[in-house]
Amino acid sequence: MQAPSPHNNQLYSEDLAPIAASKRSWTTWNFSALWISMSLCIPTYMLSSSLIQGGMNWWQAILTIFLGNSIVLIPMILNGHAGAKYGIPFPVFARASFGTVGANVPALLRAIVACGWFGIQTWIGGFALFQMARLWIPSLDTLPAIFPASWDLQTGPALCFLLFWAVNMYVVYLGVDSIRKLLVFKAFFLPAAALALLFWAIQAADGLGPILQTPSKFATSAEFWTYFFPALTGMVGFWATLSLNIPDFTRYAVSQKAQIRGQLYGLPTSMTLFAFVGVVVTSATTIVFGSTIWDPVVLASKFDSKLIVSLAMLAVALSTLATNIAANIVSPANDFAHISPQKIDFRKGGYITGIIGILIFPWKLIADPSGYIFTWLVGYSSLLGPVGGILIADYYLIRKKELSVNDMYQSQGIYRYTRGWNASALWALILGILPNMPGFFTTINVWEPSLFPAWLLHLYHYAWFVGFGISAGVYYLLMRFKPIKK
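Summary of the structure given here. (Residues numbered from 1 in each chain as written. Predicted model: local features only at pLDDT ≥ 70, side-chain atom pairs only at ≥ 80, totals over all residues. Heavy atoms only, no water.)

## Let's talk about the overall build of the chain
Scanning the chain from terminus to terminus reveals 24 helices and zero strands. Here the C-alpha atoms of the chain give a radius of gyration of 23 Å, agreeing with the 23 Å that 2.2 N^0.38 yields for 486 residues. In terms of overall dimensions, the chain has C-alpha extents of about 65 × 50 × 45 Å along its principal axes. The buried share of the chain, reckoned over its 486 residues, is 56%. Summarising the internal contacts of the chain: among those between residues at least 6 apart in sequence, 85% fall at separations of at least 24. When the accessible surface of the chain is summed, it comes to about 20,200 Å², and 67% of that surface belongs to carbon and sulfur atoms. Here the chain contributes 28 positively and 17 negatively charged side chains, and the mean placements of these two sets differ by 12 Å. (Helix = DSSP H or I, 4+ residues; strand = E, 2+ residues; numbered from the N terminus. Rg over C-alpha atoms; globule rule 2.2 N^0.38 Å. Buried < 20%, exposed > 50% of the residue type's maximum accessible area, 1.4 Å probe, protein only. Contact = heavy atoms within 4.5 Å. Areas by Shrake-Rupley, 256 points an atom, 1.4 Å probe, with all protein chains shown as cover. Lys, Arg positive; Asp, Glu negative; His and termini not counted. Charge placed at Lys NZ, Arg CZ, Asp CG, Glu CD.)

What follows is the structure in structure tokens.
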């Protein structure tokens, strides 16, 4: 494999350079640990608890989560192959199908979604600080409103959110190395906190039996299936971001077996086990409090001891900070840097992520379980599914897993296409996104449902699958008769 030349090359930077085989050290255990670490987070808990709030019983929720993560594992491993074979990150991998300039399109789509996740995690951490602060400063609950009513944003939580956001930006300023100790803290705290919540739920509900006997809220099987399919799409969408940029991690793999086995062992198991905690605890809240509490931060605030609540909220904020920087800053910062490798470094990319994370109004994305699943998770899966379909169709069906690494860093190489853009990939992307647009815009109440036939609106329930299939098929048909250089 010929190394790309960095001299006078606008497509090259140290962050985007291929990793030499001699420097790849990630084993099966490293990939399993990565997934365990990323799965143990508040949004995973809220993922399962939202299904309970939506009407599922415990085994229906667990099965939905397991199926969703097993499905998304397939593109995760397939896309991870290129990273492990060539040592290249996601934005560079996308150059083979989209072109050296066109690769900015999937990179930016993935980056914008990561900005949304950054905002969500920052809101969770800020809200945890608010729950702690209001115990000691009750006036935070009654501060006068300063934001427009349409924002649905109270002043107290907003101030804590901005404070926590500023802490995140300060960590970006210090660099990623400053977060390592917090990641170690998170690795110990979240499993311990999850077990503590699980034991509390079992004790408070007088055993596991009453919890597991909580029935489904769906009166008929038709109601269940109507909820199940978009929920399953949401579960796939939860990791749709990582299914694209997984080469950012597999580029460090010692072998293909390491990345395959590590992801196979780590992703479905850790997600399902931690989701089980969320299912049990959320089901227990219905028994204990008479209403379903899907947000663990709200649940923790209901305990009597000020000291316990304060320590719990502070710990949630710290672990959320660690997760946010590791999972939601590193990748989008690299994606933004890909726009102009010579001008945008990690720190500037992190600042861009932080600003967009506020502008996306994250408190609205997780205001209720239906919005979390059907607006956020399913919505962005309609954008990322098509990208995944194009990447996989190009790498496996068109190029048969053969890439020229040197050309990926050359503006006049074989991946230049037409001035750096591959029109086939762009058309495939557009045609994969279009069928899901009516369902999305009617879901967020921008368009009236009466404007479209019912079957077209229902496609949105399968947004990731529809986009993935259409874009992969269109791309393959447009590219199969073109002379392909590898």
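## Section: the environment of Ile414
Summarising the element assignment, Ile414 is placed in the loop between helix 20 (405-408) and helix 21 (423-433). Expressed as a C-alpha distance, the spacing of Ile414 and Gly209, which sit 205 residues apart in the sequence, is 62 Å.

## A closer look at the packing of aromatic side chains
Applying the stated rule across the entire model yields 38 aromatic pairs. One residue, Arg95, lies across the ring of Tyr409, its end atom 5.4 Å from the ring centre. One Lys or Arg, Lys302, reaches over the ring of Phe289 and ends 5.8 Å from the middle of that ring. (Phe/Tyr/Trp six-rings, centres within 6.5 Å; stacked < 30°, edge-to-face > 60°. Lys NZ or Arg CZ within 6 Å of the ring centre and 35° of its normal.)

## Digging into the nonpolar core
Within the largest apolar cluster, 137 residues are counted, with the highest numbers of intra-cluster contacts made by Trp239 and Tyr372. When residues of this core are assigned to their parent elements, the largest contribution, 14 residues, is made by helix 19 (residues 369-398). Apart from residues no more than four positions distant in its own chain, Trp239 is found in contact with Trp35, Met38, Ser39, Asn69, Val72, Met76, Leu267 and Met271. (Core = buried A, V, L, I, M, F, W, Y, C linked by side-chain atoms within 4.5 Å.)

## Focus: the pattern of salt bridges
Applying the stated criterion to the full structure yields four salt bridges. A salt bridge links Glu402 to Lys85, with the nearest nitrogen and oxygen atoms 3.3 Å apart. Of this pair, Glu402 sits in the loop between helix 19 and helix 20 while Lys85 sits in helix 3 (residues 58-86), placing them 317 residues apart in sequence. Lys85 gets classed as partly exposed once you look at its relative accessible area, which sits at 34%. Residue Asp394 is joined to Arg399 by a salt bridge in which the shortest nitrogen-to-oxygen separation is 3.0 Å. (Salt bridge = Lys/Arg side-chain N within 4 Å of Asp/Glu carboxyl O.)

## So, unusual backbone geometry
Phi at Asp206 is positive, roughly 60°, even though this residue is not glycine. Mapped onto the elements of the fold, Asp206 is located in the loop between helix 8 (180-204) and helix 9 (208-212). One non-glycine residue, Phe361, lies in the positive phi region at around 55°. With respect to the helices and strands, the residue Phe361 is situated in the loop between helix 17 (346-359) and helix 18 (362-365). Owing to a relative accessible area of 23%, Phe361 belongs among the partly exposed residues under this scheme.

## Observations concerning the packing of helix 2 (residues 42-54) against helix 10 (residues 221-238)
Where helix 2 contacts helix 10, the axes come no closer than 12 Å and their chain directions differ by 175°. With respect to helix 10, the element helix 2 is oriented roughly antiparallel. Where helix 2 abuts helix 10, its residues Pro43, Thr44, Leu47, Ser50, Leu51 and Gly54 lie against Tyr227, Ala231, Met235 and Phe238. Class assignment for the residues of the contact of helix 2 with helix 10 results in seven nonpolar, three polar and no charged. (Axes fitted to C-alpha atoms, helices over the stretch in contact; angles between N-to-C directions. Parallel < 35°, antiparallel > 145°, perpendicular 65-115°, else oblique. Nonpolar A, V, L, I, M, F, W, Y, C, P; charged D, E, K, R; others polar.)

## Examining the packing of helix 6 (residues 104-136) against helix 7 (residues 155-174)
Across the interface, helix 6 lies against helix 7 with an axial gap of 7 Å and an inter-helix angle of 120°. Comparing the axis directions of helix 6 and helix 7 gives the class oblique. The hand of the helix 6/helix 7 crossing is right-handed. When helix 6 is examined against helix 7, the residues Phe118, Gly119, Gln121, Thr122, Trp123, Gly125, Gly126, Phe127, Leu129 and Phe130 are found in contact with a partner set consisting of Gly156, Pro157, Cys160, Phe161, Phe164, Trp165, Asn168 and Met169. (Left-handed = near helix turned anticlockwise from the far one by under 90°.)

## Section: helix 16 (residues 330-339)
Most of helix 16 sits inside the fold, with eight of its ten residues counted as buried. Those residues of helix 16 that fall on the buried side of the exposure criterion are Ser331, Pro332, Ala333, Asn334, Asp335, Phe336, Ala337 and His338.

## Topic: empty space enclosed by the protein
Summed over the entire model, instances satisfying the criterion amount to one cavity of 30 Å³ or more. Roughly 170 Å³ of internal volume is contained in the largest cavity. Along the walls of the largest cavity sit 14 residues, with Trp117, Gln121, Trp239, Ala327 and Asn328 positioned nearest its centre. For the lining of the largest cavity, the secondary-structure elements that each account for two or more residues are helix 6, helix 11 (240-245) and helix 15 (306-328). Counting residues per element, the lining of the largest cavity draws most heavily on helix 6, which supplies four residues. (1 Å grid on protein atoms, 1.4 Å probe; cavity = no way out; pocket = protein on both sides within 12 Å on 5 of 7 lines; lining within 4 Å. Points joined across faces, edges and corners; volume = space filled by probe spheres on them.)

## Looking at the environment of Phe93
Its location among the elements puts Phe93 in helix 4 (residues 90-93). In this structure Phe93 comes out as buried when scored by relative accessible area, which is 1%. Sequence spacing of Phe93 and Asp304 is 211 residues, and the spatial spacing of their C-alpha atoms is 52 Å.

## Re a nonpolar patch on the surface
Taken together, the side chains of Trp427, Ile430, Leu431, Leu434, Ile470 and Leu478 present a nonpolar region at the surface, about 510 Å² in accessible area. Where the nonpolar patch is concerned, the elements lending two or more residues are helix 21 and helix 24 (463-479). Counting residues per element, the nonpolar patch draws most heavily on helix 21, which supplies three residues. Within the secondary structure layout, Leu431 lies in helix 21. When its relative accessible area of 36% is taken as the criterion, Leu431 is described as partly exposed. (Patch = residues over 30% accessible without salt bridge, like charges linked within 9 Å, V, L, I, M, F, W, Y side chains within 5 Å.)

## A closer look at helix 3
Over its 29 residues, helix 3 runs 42 Å from end to end, which matches the ideal 42 Å to within 8%, given 1.5 Å per residue. Where helix 3 starts, the residue carrying a side-chain oxygen 3.4 Å from the main-chain nitrogen of Trp59 turns out to be Asn57. Within two residues after helix 3, Gly87 carries a phi angle of roughly 75°, on the positive side. (Expected span 1.5 Å × (residues − 1). Polar contact = N/O pair within 3.5 Å; in protein donor to acceptor, adjacent residues only side chain to side chain.)

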